[in-house]
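The lines below spell out each chain.
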Amino acid sequence: MKFFADTAEIADIKELAATGLLDGVTTNPSLIMKSGRDFMEVTREICGIVDGPVSAEVVALDHAGMMREAEVLRKIADNVCIKVPLTIDGLQTCKALTSDGTMVNVTLCFSANQALLAAKAGATFVSPFVGRHDDNGFDGMELISDIRLIYDNYDFETEILVASVRHGLHVLQAAKIGADVMTAPPAVIKGLVKHVLTDKGIEGFMADWAKTGQSI
Ligand code: G3P
């Protein structure tokens, strides 16, 4: 499963990229606002740090406007992935851009039928928001299972990018279902390494090693 960082914070992206475990980055207008940075400038910087896809979201709501914005965004770098909302205009834009070889992430997906439409529009990625789905009394992971089943039924190549990931259990469940990618805040990704028995084990080994009086 690929790991994307859901952030526009440069320091966090650099830290994760240095581990060699980061496959891409996703941003959205809220994350750009939170970073306090200029959209074009920060996106260019992120694209220079990671080799994988960097999602940059259009803000126009009509097809012509989305195409105009996508034209500006895709000039930033070769690894920019244009993010469009799951609307008719977004799907039309997705079809036009992917036919032209541009990567597209169709975002704000909350139903399996929406994901089916994104795949039919040739999306590179579809982003179902599991956390927000859970928040509203639905089962986010059931949505991921349904999309996996449908995509496998028809050999759709669109990658399932599990978004709105809030904790390690979301990551585990998404991996068990066979989602292609998950995007999560840096703290959630870093938290995956934590286990009390790992810490305790290291502590024990270090204490015993010190008693041997040896060094490597
Ligand atoms: O990138 C979109 C998505 O991951 C947002 O997550 O936590 O704001 O629902 P959240």
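Predicted, not measured: the structure shown is a model, and the values here were computed from it.

### Some thoughts on a nonpolar patch on the surface
On the surface, a cluster of nonpolar side chains totalling about 350 Å² of accessible area is made up of I202, F205 and M206. When you line up the elements, F205 lands in helix α11 (residues 196-212). Look at F205 and you get exposed, because its relative accessible area is 60%.

### A short note on the packing of helix α6 (residues 112-120) against helix α8 (residues 140-153)
Contact geometry of α6 with α8 gives a least axis separation of 9 Å together with a crossing angle of 40 degrees. When the axis of α6 is compared with that of α8, the two are oblique. Between α6 and α8 the crossing geometry is right-handed. From α6, A112, A115, L116, A118 and A119 reach across to α8, where they touch L143, D146, I147, I150 and Y151.

### Side note on the site of the ligand
Around the ligand lies a shell formed by D6, N28, K83, F129, R132, A163, S164 and R166. At 3.2 Å from an oxygen atom of the ligand is found a side-chain nitrogen or oxygen belonging to N28. In the environment of the ligand, an oxygen atom lies 2.6 Å from a nitrogen or oxygen atom belonging to the side chain of R132. When atoms are counted within 2 Å of each cavity's grid points, the one that captures over half of the ligand is the largest pocket.

### Observations concerning the packing of aromatic side chains
Under the criterion given, the structure shown has four aromatic pairs. Seen in terms of ring centroids, Y151 and F156 are 5.7 Å apart; in terms of plane orientation they differ by 70 degrees. Their pairing is edge-to-face. Grouped by ring-pair contacts, the aromatic residues Y151, Y154 and F156 constitute a single cluster.

### So, helix α3 (residues 39-49)
Within α3 the residues assigned to the buried category are V42, T43, I46 and C47. An end-on view of α3 places all buried positions within 140 degrees of arc, on one side of the element. In this fold, the buried residues of α3 make contact with α1 (10-18), β2 (24-26), α2 (29-35), β3 (54-57) and β4 (80-85).

### Looking at unusual backbone geometry
For L108, which is not glycine, the phi dihedral falls at a positive 60 degrees. Relative to the helices and strands, L108 is located in strand β5 (residues 104-109). On the basis of relative accessible area, L108 is assigned to the partly exposed category, the value being 33%. A positive phi angle, near 60 degrees, is found at S164, a position not held by glycine. Mapped onto the elements of the fold, S164 is located in the loop between β7 (159-162) and α9 (168-177). Accessibility expressed as a relative area gives 10% for S164, which makes it buried.

Calculation notes
Residues numbered from 1 in each chain as written. Predicted model: local features only at pLDDT ≥ 70, side-chain atom pairs only at ≥ 80, totals over all residues. Heavy atoms only, no water. Patch = residues over 30% accessible without salt bridge, like charges linked within 9 Å, V, L, I, M, F, W, Y side chains within 5 Å. Areas by Shrake-Rupley, 256 points an atom, 1.4 Å probe, with all protein chains shown as cover. Salt bridge = Lys/Arg side-chain N within 4 Å of Asp/Glu carboxyl O. Helix = DSSP H or I, 4+ residues; strand = E, 2+ residues; numbered from the N terminus. Buried < 20%, exposed > 50% of the residue type's maximum accessible area, 1.4 Å probe, protein only. Axes fitted to C-alpha atoms, helices over the stretch in contact; angles between N-to-C directions. Parallel < 35°, antiparallel > 145°, perpendicular 65-115°, else oblique. Left-handed = near helix turned anticlockwise from the far one by under 90°. Contact = heavy atoms within 4.5 Å. Near = heavy atom within 4 Å. Polar contact = N/O pair within 3.5 Å; in protein donor to acceptor, adjacent residues only side chain to side chain. 1 Å grid on protein atoms, 1.4 Å probe; cavity = no way out; pocket = protein on both sides within 12 Å on 5 of 7 lines; lining within 4 Å. Sits in = over half its atoms within 2 Å of the grid points. Phe/Tyr/Trp six-rings, centres within 6.5 Å; stacked < 30°, edge-to-face > 60°. Arc of directions from axis to C-beta.

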